[in-house]
Amino acid sequence: MNFLAKNNKIVKYKKPLSINIGVVIFAIIIIYVLFNLFVYLTSDQIAEYEVQQGTIATNNIYKGLIIRDEEIVNTDQSGLINYYLRNGSRASVNDVIYSVDTDGSISNEITSASKDGSTLSTAELNSLSEKIDTFTSTYHPNDFYDVYSFKNDINSQLSQTLNTTALNDLSDQVNTAIGNGTFFKNTTATPGIVLYYVDGFEGLTVDSFTPDKLDPTTYSKTTLNTRTEVAAGDPAYKLVKSEDWNIIISISSSLADQLIEDNYIKVRFCKDNQTANATYSILKKDDNYYLNLAFTNSMVRYASERYMNVELLLDEQSGLKIPNSAITEKDFYAVPKEYFTQGDDSSDYSLLVQTSNGDKKSVELVTPTIYYETDTAFYIDDETVKSGDSVVKNDSSSTYTIGTDTATLQGVYNINKGYAVFKQINIIYQNEEYAIVETGTAYGVALYDHIALDGSKVQEDQLIIK
């Protein structure tokens, strides 16, 4: 009995700890994701830019004064006037430009008939629409004075188109009035471009212009084709008889010096982005310089303009195009090349840095990153050496102290490998937004490199969170 009782004592079995490997892996993944999320949210995000081949034109925009060969044509009769040719149109010999009705009967009928816009053809409506679209797309608030001129041009174009239709419809009455000496159709004696405004600049030439004429803020002109009545001797229209025309712009003495060696230039007209080639000459008046641009075509396109913004396409630089925001500067040690050595099995340049341990001196071979070189020196940073370190010339007791010579380089931070590496650049040309840099430089940036868009936010070897 005692034996049975003694053996009835039960000892509980402890199960071994069981680890679910799936849970562990899941926990590790969660911790990793949370860590990266924390790093992402608390780190400055570095925007990147891919280096591309590009060009920047060294452009110069000026407001110029237009000079043409213009002749004012006066009317010989007094009475009611109607116009039939659109402003800026090319007139042939004997084209009817305007009519004068001395008793007003025919003119009133023409004016009344011209108020019916339903007679306009689809082509005429499209022409008006295109003219309005061109004006609105190129309009600038600084040229507000053009608005009223444009309004008058549109109204006149409508009126003259409708007048021509009415004149043809009233051919019998017109012929009778002409026979009675009360209606006069006035035609051109010579071909040319017809313009319906006068401004006092008609006799202006390249030799006779004065600097005050280049100021558009004081400019005014009188529109002729909005009148309904004229007196004998009044200006009826003016005729431009030559395709040769000029634009005069004021320029600096430095630009005058730059252009003195040539007489040919490419010009962009800002009004419609058209380009043309011009011959030019430099004029000097009262110690001021002026550029006389001479054209032999395209005059009719800008016949209604007295002033125009033009861009001189002086030069165009090509290379690697990078934003100015990416450009930064970094200080370097400029170490003479003779203190660098190359090992037997390596093409890398190294330095023998002298170290001291009490009275005992030794040298340590270090291989710094070279960022730039001149004919006499390599540029390195403080990654492997510091200011005050002594480097020994190979096979010589001559030493050089790091920090004796320093230099600052312009460059960008390359982030191709996920961390920042400074790359030196040579700027060829730069405007307000971009710079063009040399291609193929030994320690520089290359095509399709990814660089930090804002160089001021990056430091050497910084890990980049994209």
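Residues numbered from 1 in each chain as written. Predicted model: local features only at pLDDT ≥ 70, side-chain atom pairs only at ≥ 80, totals over all residues. Heavy atoms only, no water.

1. Quick look at the overall build of the protein chain
To keep things clear, this is the line we draw: Each helix is a run of DSSP H or I of at least 4 residues and each strand a run of E of at least 2, with the numbering of both proceeding from the N terminus. Classification of residues uses two cut-offs on accessible area relative to the type maximum, computed with a 1.4 Å probe and protein chains only: under 20% is buried, over 50% is exposed, and between them is partly exposed. Whether two residues are in contact is decided by their heavy atoms, any of which lying within 4.5 Å being enough. To measure how exposed things are, a 1.4 Å probe is used in the Shrake-Rupley method; for residues, cover is taken only from the protein chains shown.
Scanning the protein chain from N- to C-terminus turns up seven helices and 30 strands. Here the protein chain, with 466 residues, has 38% of them falling under the buried criterion. When contacts within the protein chain are restricted to residue pairs at least 6 apart in sequence, long-range pairs at least 24 apart make up 75% of them. As displayed, the protein chain has an accessible area near 26,700 Å², and 49% of this comes from carbon and sulfur atoms.

2. What to know about the sheet that holds strand 8 (residues 192-195)
Where we set the bar: DSSP bridges decide pairing: two strands pair if at least two such bridges lie between them.
Across the sheet, four strands lie side by side as 3-12-8-5; this open sheet has antiparallel pairing. The open sheet terminates on both sides in strands that have one partner only, identified here as strand 3 (70-74) and strand 5 (90-91). Where strand 3 and strand 12 (residues 235-240) come together, five bridges link them in antiparallel fashion. Residue pairing in the sheet places Glu71 in a bridge with Leu239 of strand 12.

3. Remarks on the sheet that holds strand 7 (residues 183-187)
Strands sit in the order 7-6-4-11 across an open sheet of four strands; the sheet is antiparallel. For this open sheet the edge positions go to strand 7 and strand 11 (229-230), each flanked by a neighbour on one side alone. Where strand 6 (residues 96-101) and strand 7 come together, five bridges link them in antiparallel fashion. Counted as the bridge partner of Ser99 is Lys185 from strand 7.

4. As for unusual backbone geometry
Backbone geometry follows two general trends: most residues other than glycine have a negative phi, and most peptide bonds adopt the trans configuration. With a phi angle near 75°, Asn94 is a residue other than glycine that sits in the positive phi range. Asn94 gets classed as exposed once you look at its relative accessible area, which sits at 55%. Positive phi values are uncommon outside glycine, yet Asp395 reaches one of about 60°. Within the secondary structure, Asp395 sits in the loop between strand 24 (390-392) and strand 25 (399-401). Residue Asp395 is classed as exposed on the basis of its relative accessible area, which comes to 76%.

5. Overview of a nonpolar patch on the surface
Just so we agree on the cut-off: Residues forming no salt bridge and having over 30% relative accessible area are the ones grouped into patches, like charges within 9 Å of each other and nonpolar side chains (Val, Leu, Ile, Met, Phe, Trp, Tyr) within 5 Å. One side-chain nitrogen of Lys or Arg within 4 Å of one carboxyl oxygen of Asp or Glu is enough to make a salt bridge.
Together, Ile21, Val24, Ile25, Ile28, Ile29, Tyr32 and Val33 line one region of the surface with nonpolar side chains, adding up to about 690 Å² of accessible area. Here Ile21 is to be found in helix 2 (residues 21-42).

6. Observations concerning the pairing of strand 27 (residues 421-424)
Taking every second residue as pointing to the same face, the buried face of strand 27 carries Phe422 and Gln424, while none of Val421 and Lys423 on the other face is buried. Relative to strand 27, strand 26 (residues 406-414) runs antiparallel, the two being bridged by four bridges. In the sheet register, Gly411 faces strand 27, and the bridge partner there is Gln424. Counted along the chain from strand 26 to the antiparallel partner strand 27, the turn is six residues long, and its residue Gly418 has a positive phi close to 90°.

7. Observations regarding the side chain of Asp449
Rule in force here: The sign given to each residue is positive for Lys and Arg and negative for Asp and Glu; His and the chain ends receive no count. Here a polar contact is taken to be a pair of N or O atoms separated by no more than 3.5 Å, where protein atoms must pair a possible hydrogen donor with a possible acceptor and residues adjacent in sequence count only if both atoms sit in side chains.
Topologically, Asp449 is positioned in the loop between strand 29 (434-437) and strand 30 (450-452). Although Asp449 is buried, it forms no salt bridge, and the closest oppositely charged side chain is Lys423 at an N-O distance of 6.5 Å. A polar atom in the side chain of Asp449 sits 3.1 Å from the side chain of Asn414. Asp449 has contacts with Tyr49, Glu50, Val51, Asn414 and Asn416, leaving out every residue within four places of it along the chain.

8. Describing the pattern of salt bridges
All told, the structure shown has 14 salt bridges when counted by the stated rule. With a shortest N-O distance of 3.1 Å, Lys330 and Asp381 are connected by a salt bridge. Residue Lys330 is found in strand 18 (residues 328-336), and its partner Asp381 is found in the loop between strand 23 (377-380) and strand 24; the two are separated by 51 residues along the sequence. Neither Lys330 nor Asp381 differs from the other in exposure class; each is buried. Across the salt bridge formed by Glu460 and Lys330, the nearest N and O atoms sit 2.9 Å from each other.

9. Thoughts on the nonpolar core
Just so we agree on the cut-off: Residues enter a nonpolar core if they are buried and are Ala, Val, Leu, Ile, Met, Phe, Trp, Tyr or Cys, with the set joined through side-chain atoms within 4.5 Å.
Among the nonpolar cores identified, the biggest contains 40 residues, and Ile247, Val267, Phe269, Leu293, Phe295 and Leu312 are the most heavily contacted of them. For this core, the elements supplying multiple residues, two or more each, are strand 2 (52-67), strand 8, strand 13 (245-251), helix 7 (253-259), strand 14 (264-269), strand 15 (274-285), strand 16 (288-295) and strand 17 (307-323). With five residues, strand 13 is the largest single contributor of residues to this core. The contacts of Ile247, once residues within four sequence positions are left out, are Gly64, Leu65, Ile66, Phe269, Leu291, Asn292, Leu293, Phe295 and Val310.

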